[in-house]
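If you want the building blocks of each chain, they are given just below.
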Amino acid sequence: MAFVKLGSKSEAFRREGQAWHCTSGLPSDVTIEIGEMSFYLHKFPLISRSGLLAKLIKESSNDDGSVCVLQLSDIPGGAKAFELVAKFCYGVKIELTPLNIVSLRCASEYLQMTEETGDGNLITQTEVFLNDVFGNWTDTIKALETCEEVLPHAEELHIVSRCINSLAMKACTDTKLFNWPVSENDQEGSTGADIWNGISAEKRTQPLTDDWWYEDVSFLSLPLYKRLIQAVEAGGMRPENIAGALVFYAKKYIPLMNRQASFKDAPSHTKSGSTISTPSEADQRVLLEEIMELLPNQKGVTETRFLLRLLRTAMMLQASPSCRENLERRVGLQLDQAALDDVLIPNMGYSVETLYDIDCFQRILDHFMSIDQASSAPSPCFMEENQLMEGSLPLTSLTRVSNLVDSYLAEVAPDVNFKFPKFQSLAATIPDFARPLSDGIYRAIDIYLKAHPWLTDSEREQICRLMNCQKLSLEACTHAAQNERLPLRVIVQVLFFEQLRLRTSISGWFFVSDNLDNSQSSLRGGNRDTNTANGMGSSIDDVRERVAELEKECNSMKQEFKKVVKTKKRWNVFCGKKSQCDLNTVKPCKIQPPPVNEHKNHKKGDSN
């Protein structure tokens, strides 16, 4: 920490209770009263340095030679600052430090200690030292913190703005250019040649990351911190760094947020010996709303997890509706980056119906859909199951959100108070083309049907329309065919589309096989050797085995379907109605490939 010594005389004051006496031996002829403290001093040293005191002493002096008494209760810095001023007037040794320079600068201005009153006066001395303080990061922070004590006067002298601008300039400096921040140098023997901006040339630290300044400025009060954030934003700092600083500050001063966070997410960097009192809920609410306004609006700059945690805390602290709406909108802007645990927001209303705040998630999802509809390109084409394997296609933001919604529905589905219209509305928000597979929504529907057995047949039909039976995987189809909670029509649809998929697969096998034979025949001009013939025979044998496996699987599914129909005792009614999805239409495809010999003869004829 930097310091400057003024004066050369030894201590000439002593304190007795609430009174300061000058030990020069001369009787005191002026008394300065500041609050409960009294200073018994002499007129000449004060008049020679302070224009204000000279004026007041002149106005209150009496011809009878009585002691002059002056009241200076409104002096910046109070009795502590005036004590240093009095010592300066008497030429006693004092030390200027970043902790007292602001109050001394304000007090000297208040007392009109200008160069016109005396050469080398206190205004000039403090101003010179202030400029040195602004050149050092740590000293500037200490000076800015002390501005709180004399804020109106510090604002009038532009000390606060000068501190903030100095800090903002250093925070915006590229850490690759200089070794910022710098540790202070307390050695008295250091010279200007050894120090640059408070840096000891021999003790420069290694280049740091962009978040090096978060902790240092986190000890500022909210009004000063807010002005600093606005200054670094005006200075061109990246939005990601601004958001990171605000996240650090919020975690430090909003304890309710840390209750939701794991230990590794809580701020771990605190200055040794510092004690932070827990703010009241009203103060936390004000802080949360202010931070919400300061956060950058760009998508992806602030972590979605932090925004959702901030939203939970805003509900707990009963923040303003505009603050919560703004948070929901920002979360909706980047919902594709959210995790399931983060969107499971507990219901905090007075009339709690469901465990989780489903309405809040619905609003967030609506915000996302309103934004994504402008940029997403629907492609509701049917794709094969093997094309939908993880890693084969890039997941779009809408697809990620659809998976999140399906997982969310499965998590909240067991809640018996989760009404059917809300489930239907939430699930229907995601368009069908955004779900490459319907396994997720099927799982959520199955859990919901199990937890709500009182649903009517009509409601069961409606809820099952939310899934696309053509997009169920083989495992999901097998489960659905044996699921007694599903309507019978849905089970028939599942079996029908599964058999259709089997037929398509079998046709694909023969199409590929024929193309392979034709290509080999054209390339070799009909001259095929024995190895080629054996290869074709092996290929056709593989096709036959695949067809047999598919027929076996289809027959197994058909048997399971018959068991379900028999259990429900609806078989006769179902057969009587002769629906379009009759069991007779759902039968395995028995396509027999041509014998190997015939195939060979056919190829030989072609070659000839």
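Here is what the cut-offs are and how they apply
- Residues numbered from 1 in each chain as written.
- Predicted model: local features only at pLDDT ≥ 70, side-chain atom pairs only at ≥ 80, totals over all residues.
- Heavy atoms only, no water.
- UniProt positions renumbered as here; feature names shortened; annotations may be inferred.
- pLDDT = per-residue confidence, 0-100.
- Contact = heavy atoms within 4.5 Å.
- Axes fitted to C-alpha atoms, helices over the stretch in contact; angles between N-to-C directions.
- Helix = DSSP H or I, 4+ residues; strand = E, 2+ residues; numbered from the N terminus.
- Parallel < 35°, antiparallel > 145°, perpendicular 65-115°, else oblique.
- Left-handed = near helix turned anticlockwise from the far one by under 90°.
- Nonpolar A, V, L, I, M, F, W, Y, C, P; charged D, E, K, R; others polar.
- Buried < 20%, exposed > 50% of the residue type's maximum accessible area, 1.4 Å probe, protein only.
- Polar contact = N/O pair within 3.5 Å; in protein donor to acceptor, adjacent residues only side chain to side chain.
- Salt bridge = Lys/Arg side-chain N within 4 Å of Asp/Glu carboxyl O.
- Pairing = 2+ DSSP bridges.
- Core = buried A, V, L, I, M, F, W, Y, C linked by side-chain atoms within 4.5 Å.
- Phe/Tyr/Trp six-rings, centres within 6.5 Å; stacked < 30°, edge-to-face > 60°.
- Lys NZ or Arg CZ within 6 Å of the ring centre and 35° of its normal.
- Arc of directions from axis to C-beta.

Per an unreviewed UniProt entry, the chain carries the name BTB/POZ domain-containing protein At5g03250-like and comes from Nicotiana tabacum. According to UniProt, the comment filed for the chain under the heading Pathway (unreviewed entry) is "Protein modification; protein ubiquitination." As its UniProt record puts it under Sequence similarities (unreviewed entry), the chain is described as follows: "Belongs to the NPH3 family."

### Considerations on the confidence of the model for the chain
With 68% of its residues at a pLDDT of 70 or more, the chain has an overall mean of 77. pLDDT under 50 marks residues 180-204. Its contacts with residues more than four places away, or in other chains, come to 42 contacts. Taken as a whole, residues 569-608 scores under 50 in pLDDT and shows 56 contacts with residues more than four places along the chain or in a different chain.

### A short note on the packing of helix α18 (residues 397-412) against helix α20 (residues 439-451)
Their axes nearest at 8 Å, the elements α18 and α20 cross at an angle of 15°. With respect to each other, α18 and α20 are oriented roughly parallel. For α18 against α20, the interelement crossing comes out left-handed. Of the residues in α20, those in contact with D406, L409 and A410 of α18 are G440, I441, R443, A444 and I447. Residues that form the contact of α18 with α20 fall into these classes: five nonpolar, one polar and two charged.

### With respect to the side chain of T126
Examined against the element boundaries, T126 turns out to sit in helix α5 (residues 122-134). In this structure T126 comes out as buried when scored by relative accessible area, which is 0%. A polar atom in the side chain of T126 sits 3.0 Å from the backbone oxygen of I123.

### As for the pattern of salt bridges
Applying the stated criterion to the full structure yields 16 salt bridges. The residue E16 makes a salt bridge to R14 at a minimum N-O spacing of 2.8 Å. Between D336 and K299 there is a salt bridge; the shortest N-O distance is 3.9 Å. One end of the pair, D336, is in the loop between α15 (321-333) and α16 (340-343); the other, K299, is in the loop between α13 (281-294) and α14 (304-316), and 37 residues separate them in sequence. The class of D336 is buried, set by a relative accessible area of 10%.

### Quick look at the sheet that holds strand β5 (residues 37-41)
Read across the open sheet, the five strands follow the order β2-β3-β5-β4-β6; overall the sheet is mixed. Here the strands that pair on one side only, and so sit at the sheet edges, are β2 (13-16) and β6 (68-71). Averaged over all pairs of adjacent strands, the angle between strand axes in this sheet comes to 20°, irrespective of strand direction. On top of the sheet, helix α2 (residues 51-60) reaches β4 (30-34) and β6; it is set at about 130° to β6, its chief contact. Contacting β2, β3 (19-22), β4 and β5, helix α3 (residues 78-90) runs over the sheet at an angle of about 10° to β5.

### A word on unusual backbone geometry
The residue Q112 is not glycine, and still its phi comes out positive at about 55°. On the secondary structure map, Q112 appears in the loop between α4 (101-110) and α5. The exposure class of Q112 is partly exposed, given its relative accessible area of 40%. The phi dihedral of H158 falls on the positive side, at around 60°, and the residue is not glycine. With respect to the helices, strands and loops of the structure, H158 is situated in the loop between α7 (151-156) and α8 (159-171).

### Here's the deal with the pairing of β2
Summarising the sheet, β2 and β3 pair through four bridges and their orientation is antiparallel. The residue bridging R14 from the neighbouring strand is H21, located in β3. Remark: two residues form the turn of the hairpin made by β2 and β3, two consecutive strands paired antiparallel; G17 in that turn has positive phi of roughly 65°.

### Thoughts on the nonpolar core
Core analysis: the largest hydrophobic core is formed by 150 residues, its most contacted members being I32, L41, F82, W213 and L335. Sort the elements by how many residues they give to this core and helix α11 (residues 239-253) lands first, with nine residues. The residues touching F82, leaving out its near neighbours within four places in the chain, are I32, I34, F39, L41, L53, L72, I75 and L111.

### Things to note about the side chain of S402
By the secondary structure assignment, S402 is in helix α18. The class for S402 is buried, based on a relative accessible area of 0%. Polar side-chain contacts of S402 include one of 2.5 Å to the backbone oxygen of T399. In this view, S402 contacts I430, A434 and R435; residues no more than four positions away in its chain are not counted.

### Things to note about the packing of aromatic side chains
The final tally for this structure, using the stated rule, is eleven aromatic pairs. With 5.2 Å between their ring centres and 80° between their planes, W213 and Y214 make a pair best called edge-to-face. Y214 matches W213 in its accessibility class, with the two residues each being buried. Taken together, the ring pairs connect W20, F39 and F82 into an aromatic cluster. Here K252 stacks its cationic end above the ring of F219, 3.3 Å away from the centre of that ring.

### Some remarks on the packing of helix α6 (residues 137-146) against α8
At a minimum axis distance of 10 Å, the contact between α6 and α8 shows a crossing angle of 145°. Where α6 crosses over α8, the two elements pack in a sense that is left-handed. Contacts between α6 and α8 involve W137, T140, I141, A143 and L144 on the former and, on the latter, V160, C163, I164, S166, L167, K170 and A171. Counted by class, the contact of α6 with α8 contains nine nonpolar, two polar and one charged residues.

### Points about α2
By the burial criterion, the buried members of α2 are L52, L53 and I57. Buried positions in α2, seen along its axis, are confined to an arc of 125° and lie on one side of it. With respect to the buried face of α2, the exposed residues turned more than 90 degrees away are K58 and E59. On its buried side, α2 packs onto β4, α1 (43-47), β6, α3 and α4. Of the residues that open α2, the one with a side-chain oxygen 3.5 Å from the backbone nitrogen of L52 is S50.

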